[in-house]
Amino acid sequence: MSPLKNLTIKSFHEGLVAKKFSALEATQAFFEHIKESDKSIGAYLSLNEENAIKESEKVDLALAKGEDLGPLAGVPMAIKDNILIKNLPATAGSRSLEGYLASYDAGVITKLKKERAIFLGKTNLDEFAMGSSTENSGFHLTRNPHDPERVPGGSSGGSVAAVASDQAVAALGSDTGGSIRQPAGFCGVVGLKTTYGSVSRSGLIAMASSLDQIGPITKTVEDAAVLFKAIAGGDQMDSTNAGFGYGDELTSLNLNEVRSLKIGVPDEYFADGLEEGVKVALQKTIDDLKSLRITFKKISLPHTKYALSVYYVIMPAEVSSNLARFDCIRYSRIKNSAEGVSNVKDIYFKHRGDGFGAETKRRIILGTFVLSSGYYDAYYEKAQRVRSLIKNDFDEAFGEVDVILTPVSPTRAFKIGERVSDPLSMYLSDILTIPANLAGLPAISIPVRTREPYSRDNLPIGFQLIGKHFREADILGLGQIYEKMCR
Ligand code: GLN
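Residues numbered from 1 in each chain as written. Predicted model: local features only at pLDDT ≥ 70, side-chain atom pairs only at ≥ 80, totals over all residues. Heavy atoms only, no water.

(A) Representation of the packing of aromatic side chains in the model. Counted by the stated rule, this structure contains 17 aromatic pairs. Ring geometry for tyrosine 376 against tyrosine 380: centres 5.2 Å apart, planes inclined by 50°, an arrangement best described as tilted. Taken together, the residues tyrosine 376 and tyrosine 380, both in helix 14 (residues 376-400) and 4 residues apart, mark about one turn of the helix. Given the relative accessible area of 33%, tyrosine 376 is considered partly exposed. When its relative accessible area of 15% is taken as the criterion, tyrosine 380 is described as buried. Ring centres 4.9 Å apart and planes at 80° place the aromatic pair phenylalanine 463 and tyrosine 482 in the edge-to-face group. Of this pair, phenylalanine 463 sits in strand 11 (residues 462-467) while tyrosine 482 sits in helix 17 (residues 472-486); the two residues are 19 residues apart in sequence, bridging distant segments of the chain. Relative accessible area serves as the criterion here: at 1%, phenylalanine 463 is assigned to the buried category. Among the residues examined, tyrosine 482 registers a relative accessible area of 1% and is labelled buried. (Phe/Tyr/Trp six-rings, centres within 6.5 Å; stacked < 30°, edge-to-face > 60°. Helix = DSSP H or I, 4+ residues; strand = E, 2+ residues; numbered from the N terminus. Buried < 20%, exposed > 50% of the residue type's maximum accessible area, 1.4 Å probe, protein only.)

If you want it as structure tokens, here you go:
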């Protein structure tokens, strides 16, 4: 097997059909590499070796029979552990779900199984996807492959670290406020938050249902397009799904078509608090794109300053109601949760008390508070109104421009332990990603690749492209042109 390093979905497919390696060889090589390198990274929570081997043998058989294989056949993938794969663990990073096995496949998994993708294992995350560093996992830390002293970002830190350290060719994550894009930015890979309603949420352990979306994590923008096309589209199990898929426009935009897109740069996203290195990297990206004769325009999104506050009202409200189902009676490894307690309330106290971490409890309490009668109007309802203003800002901006370019996070990856005890400083790392979730827009995080180094320590920095609803083609097209230019 050729080195796994830099293997993309595209180069994997080419190698497989040219018989440079078999799907089985590839899968085995990935497990070997994972067993060696994951001791120091901690990307995976559980491995799916036996099944993966079996499935890759089937891919080889199909190839030997001369069947036409799609671009994802045999591709070794990592799946965030809040996405269900039938009969495999699904902990969502919570001790409360330790030992639970999923009873059905998520909508995206059904689609990927048809494509014959290979699932190597389930990856680490902040408990129930709540966090920005993967330090809130109930199980273990994940380290940034670029610097083991630093966090990979979160909550999809495991999926992102797996791709960044060649422990998977591609991965799936979920993004409620930035959980795909922020870690992708921290680890130097591509992460796509899809338009709300474009990808089925069936079988995604819900965090905040009006914000959650599943999306691809890959090494290139082109790969993100291929994976997104495969997972997008109708699913009767998700009533918020738009019901239509995407076509070749995701990979076919040429330079002239990209030149017809106008890019907006919002002042509010370049305000105080942005690390100097991030500012410099973003300016270089803008200059590089301008050199392709792409047009830029300054725009304003005036309600951006309320986005974080709005998010931290609406999100915990939805969390508190979604997490009510985890009563430690259903979905539990505990055989007899009634043992040693005399009533239902005590079961909740004991087992939810033990099973949930501090951040999960904090958000349940916050959410219950903002939904309680007497506070509902003042907090929850008001937040919903301001959410509409934030969405209106985008609608107006998209009257003038087609794509919006911003940084992904105000800083580069921070040190492990640096922010865990200060929730507010942790929350601030999502200040630039949250607005796209509130407005339901597609947004992608792409590593800045300047010709000259843009920072002393070379920690990755991402830039974000936000598109119009269901116009993933624009941000993916622009991203692919940028990628070609940097090659
Ligand atoms: N970091 C954000 C939070 O903790 C976003 C999480 C996410 O997107 N799942 O809420």
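(B) Region of the structure containing the pattern of salt bridges. This model, assessed by the stated rule, comprises 23 salt bridges. For the salt bridge of lysine 58 with glutamate 55, the shortest nitrogen-to-oxygen distance reads 3.2 Å. In this pair, lysine 58 and glutamate 55 are both assigned in helix 3 (residues 49-64), 3 residues apart and thus about one turn of the helix distant. The class of glutamate 55 is partly exposed, set by a relative accessible area of 35%. The shortest N-O distance in the salt bridge between arginine 181 and aspartate 175 comes to 2.9 Å. We classify arginine 181 as buried; its relative accessible area is 0%. According to the relative accessible area criterion, aspartate 175 is buried, its value standing at 0%. A cluster of three or more residues bridged by salt bridges with shared partners is formed by Glu359, Arg362 and Arg363. (Salt bridge = Lys/Arg side-chain N within 4 Å of Asp/Glu carboxyl O.)

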